[in-house]
Amino acid sequence: MGWYTNVIRSLGHRRWFAVAGRTLVPIDRWLQRRTGGRVTILGRSALPTLLLTTQGRKSGLPRTVPLIYAPDGDSFVVTASNWGQEKHPAWSGNLLAASAATVALPGGRKIGVHAVLAEGAERDRVWPLVTEVWPAYDTYVERTGGRAIRVFVLTPS
């Protein structure tokens, strides 16, 4: 892991970084779509990221969000941390309503996935995978005001 990744991972614990991150998500989504996932705001080498597309549970329209993920065999583990805010992000409600989604990876490769909410022992098993990639998730747990951060395992379908 390079110095840049270490700096980004360290800054992730700062509250101002979360505010900036929420502001930059639409820009990052646009950037990743336009470059086929080759370019992201944080830099491709800093963190593993993907674009998750779900079906909006209210609108029925496709909704895409850039997410950090942890690999778990052929699956991807993502957290619905919402930067430590008190409410769950909308995309996690979309996955609960309809577990079929699409993941876009660097290079433009798209994979259909089936999402499962990790609970109990499975959640305990995958949580260290995501905090290894992004240690700030532990800080986000403290900020949520008691909200249990949803963790999903996305398995290729």
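Now for a quick tour of the structure. (Residues numbered from 1 in each chain as written. Predicted model: local features only at pLDDT ≥ 70, side-chain atom pairs only at ≥ 80, totals over all residues. Heavy atoms only, no water.)

### As for the nonpolar core
And then number 1: Ranked by size, the top nonpolar core spans 18 residues in total, and within it Leu50, Leu52, Phe76, Trp91 and Leu154 carry the most contacts.
And then number 2: Residue assignment for this core shows that the elements contributing at least two residues are β1 (49–55), β2 (62–68), β4 (75–80), α3 (90–97), β5 (100–104), β6 (110–117) and β7 (150–156).
And then number 3: Every residue in contact with Leu52, bar those within four places of it in the chain, is listed here: Arg63, Thr64, Val65, Leu67, Trp91, Leu95, Ala101, Thr102, Val103 and Leu154.
And then number 4: Formed by 16 residues, the second largest nonpolar core is a distinct cluster that contains Ala136, Tyr140, Ile149 and Val151. (Core = buried A, V, L, I, M, F, W, Y, C linked by side-chain atoms within 4.5 Å. Buried < 20%, exposed > 50% of the residue type's maximum accessible area, 1.4 Å probe, protein only. Helix = DSSP H or I, 4+ residues; strand = E, 2+ residues; numbered from the N terminus. Contact = heavy atoms within 4.5 Å.)

### Re the pairing of β7
And then number 1: For β7, the buried fraction is high: five of the seven residues fall into the buried class.
And then number 2: Sheet topology places β4 next to β7; five bridges connect them, and they run antiparallel. Its bridge partner being in β7, Ala80 is matched across the sheet by Arg150.
And then number 3: Relative to β7, β6 runs antiparallel, the two sharing five bridges. Residue pairing across strands places Val116 opposite Val153, the latter belonging to β7. (Pairing = 2+ DSSP bridges.)

### Some points on the pattern of salt bridges
And then number 1: This structure, assessed with the given rule, holds two salt bridges.
And then number 2: Across the pair Asp72 and Arg125 runs a salt bridge, and its minimum N-O distance is 2.6 Å. Taken together, the residues Asp72 in strand β3 (residues 70–72) and Arg125 in helix α4 (residues 120–133) connect sequence positions 53 residues apart.
And then number 3: Under the relative-accessibility criterion, Arg125 is labelled partly exposed at 40%.
And then number 4: In this structure, the salt-bridge partner of Glu122 is Arg125, at a minimum N-O distance of 3.0 Å. Remark: Arg125 and Glu122 occur in helix α4; sequence separation between them is three residues, near one turn of the helix.
And then number 5: What makes Glu122 partly exposed here is its relative accessible area of 31%.
And then number 6: Salt bridges linked by common partners bring Asp72, Glu122 and Arg125 together as one network. (Salt bridge = Lys/Arg side-chain N within 4 Å of Asp/Glu carboxyl O.)

### Some points on unusual backbone geometry
If a residue is not glycine, its phi is most likely negative; likewise, a peptide bond is most likely trans.
And then number 1: Phi is positive for Asn82, close to 55 degrees, though the residue is something other than glycine.
And then number 2: Looking at where Asn82 falls in the secondary structure, it is placed in the loop between β4 and α3.
And then number 3: Backbone geometry places Trp83, a non-glycine residue, at a positive phi of 60 degrees.
And then number 4: Topologically, Trp83 is positioned in the loop between β4 and α3.

### Describing the sheet that holds β6
And then number 1: Overall, antiparallel pairing links the seven strands, which are arranged β2-β1-β5-β6-β7-β4-β3 in an open sheet. At either end of the open sheet lies a strand with only one pairing partner, and these are β2 and β3. For this sheet, the mean angle separating the axes of adjacent strands, direction not counted, is 35 degrees.
And then number 2: Packing against the sheet, α4 makes contact with β2, β3, β4 and β7, and its axis sits at approximately 135 degrees to β3. (Axes fitted to C-alpha atoms, helices over the stretch in contact; angles between N-to-C directions.)

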